[in-house]
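# Topology and contacts: notes
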Amino acid sequence: MRTAPLVALVVLAVSCGDDHQIAASPVTSAVTAESAPHSVDVGAAVDHSMPLEHLVYGMIVDDPAGVGAVVRISPGDYSVLFDADSKVGVECMHRAGFDSFPIEVYTPSEVYNAASRPASEGYHVGQANPVGEQTSVVDKWLQQTKGAANAWGGDGVSTGCLAEAATAVYGSPTGLLDGLADFNLARNGWINAVAENPDAIALDSQWSACMKATGFSAADPTEPWRSTWPGDSPAAGEVAMRAADLECRSDLGYSARMTQILGVKFDDWKREHAAVVVSTRASIATWLANAADIAGGP
């Protein structure tokens, strides 16, 4: 029943082989207040609550969410949304006569700095609440319970308990997607601009070549974060890749250099899309208020 995905990463099914082995060594982030062109608090958790005027590119240069971090829903806030969504959905299914509908519990994933996260922790994101494990409980129950799928999903868009829960929290069955639509366009514009920036391309190529020299293939540092890693904890190959990633970042001064390349462009992007960011954050505030009302109800 996870109908409210955390605005952070898009996880893609990319597999990295476990047959590559290199020695893991602790490496700290190249982004520091001294090395970055702006004063940067690399420990700051960037999400929808951070004032835009305080945000510089050095804070998100190593963030897997990229500019999506500016409207990221924090784990604590997402838990409120998840619980409210679950409460409405369960109550709806009970009214439909399905008293055994599973109740899910959301466990927020850890908050971490992607640049300094130790190699031993790999790239797993949100493994305290794996997507497959959460969805399989409900999916299996729906498959095994006659008539439940129709009550839950209805026509797949505007009817059924799934739509009722989304409407209660997000204002309509498509409220979540609608509320993020304009920001997603702005984010895609940033992604395309970075992908076409010759200096950013050159630096990513240097990082990729460094990784290749240690036996790993990745186009840029975001690729491992967008990968789906097996198991509940990092395997040897994932740890080895993360160690190589950190070493290549450090050897190249990747974070500070990318901040120099994109810092001013990010400031321009913020100014150009400030109204969209503010509007998206207002939608998030409304969703959280709705969720709080639901949680406080009988």
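Anything mentioned here points back to the structure above.
Presented here is a report on the structure given in the accompanying data block. Per chain, residues are indexed from 1 in the order of the written sequence. In keeping with the model being predicted, local features are shown solely for residues with a pLDDT of at least 70 and side-chain atom pairs are shown and tallied solely at 80 or more, while totals for entire chains, interfaces and linings include all residues. Side-chain metrics in this entry use all non-hydrogen atoms of the structure; hydrogen atoms and water are not considered.

### Re helix α8 (residues 254-272)
For α8, spanning 19 residues, the distance from its first C-alpha to its last is 26 Å, which sits close to the expected 27 Å at 1.5 Å a residue. Each residue is assigned a bend, namely the angle between axes fitted to the seven residues that terminate at it and the seven residues that start at it. Helix and strand definitions follow DSSP, with helices as H or I runs of at least four residues and strands as E runs of at least two, each counted in order from the N terminus. A maximum bend of about 45° is found in α8 at Leu 262. Considering only its buried residues, α8 is in contact with α5 (175-195), α6 (198-213), α7 (236-252) and α9 (274-296). Expected span of a helix, by definition, is 1.5 Å for each gap between consecutive residues, and there is one gap fewer than residues. Any two residues whose heavy atoms approach within 4.5 Å at even a single point are treated as in contact.

### What to know about the state of the cysteines
Pairs of cysteine sulfur atoms within 2.5 Å are what we label disulfides. Applying the stated rule across the entire model yields two disulfides. Between the sulfur of Cys 92 and that of Cys 161 lies a disulfide, 2.0 Å long from S to S. Because the sign of the S-S torsion sets the handedness, a value of about -80° for the bond joining Cys 92 and Cys 161 places this disulfide among the left-handed ones. With a gap of 69 residues between them, Cys 92 in helix α1 (residues 75-95) and Cys 161 in helix α4 (residues 161-170) connect regions that are remote in the sequence.

### Topic: the side chain of Lys 270
Within the secondary structure, Lys 270 is located in helix α8. Asp 267 provides the closest opposite charge to the buried, unpaired Lys 270, separated from it by 4.2 Å. From its side chain, Lys 270 meets the backbone oxygen of Leu 55 in a polar contact 2.6 Å long. With sequence-adjacent residues up to four places away left out, Lys 270 is seen in contact with Leu 52 and Leu 55. The rule is simple: take the accessible area with a 1.4 Å probe, protein chains only, and divide by the maximum for that residue type; under 20% is buried, over 50% is exposed, in between is partly exposed. His is not counted, nor are the chain ends, whereas Lys and Arg count as positive and Asp and Glu as negative. Here a salt bridge means any side-chain nitrogen of Lys or Arg lying within 4 Å of a carboxyl oxygen belonging to Asp or Glu. Any N or O atom pair separated by 3.5 Å or less is treated as a polar contact, with the protein-specific requirement of one donor-capable and one acceptor-capable atom, and with residues adjacent in sequence counted only for side-chain atom pairs.

### Observations regarding the packing of α6 against α7
For helices, the axis comes from a line fit to the C-alpha atoms of the stretch in contact; other axes are also lines fit to C-alpha atoms, and the angle between any two N-to-C directions lies between 0 and 180 degrees. Put simply, α6 and α7 touch, their axes get as near as 9 Å, and they point 135° apart. Taken as axis vectors, α6 and α7 run oblique relative to one another. In the crossing of α6 with α7, the sense of the turn from one axis to the other is right-handed. Between α6, through Gln 206, Trp 207, Cys 210 and Met 211, and α7, the contact on the second element is made entirely by Met 241, Ala 244, Asp 245, Cys 248, Arg 249 and Leu 252. Working definition: roughly parallel below 35 degrees, roughly antiparallel above 145 degrees, roughly perpendicular at 65 to 115 degrees, and oblique for all remaining angles. Each crossing gets its handedness from the near helix: less than a right angle anticlockwise from the far helix is left-handed, clockwise is right-handed.

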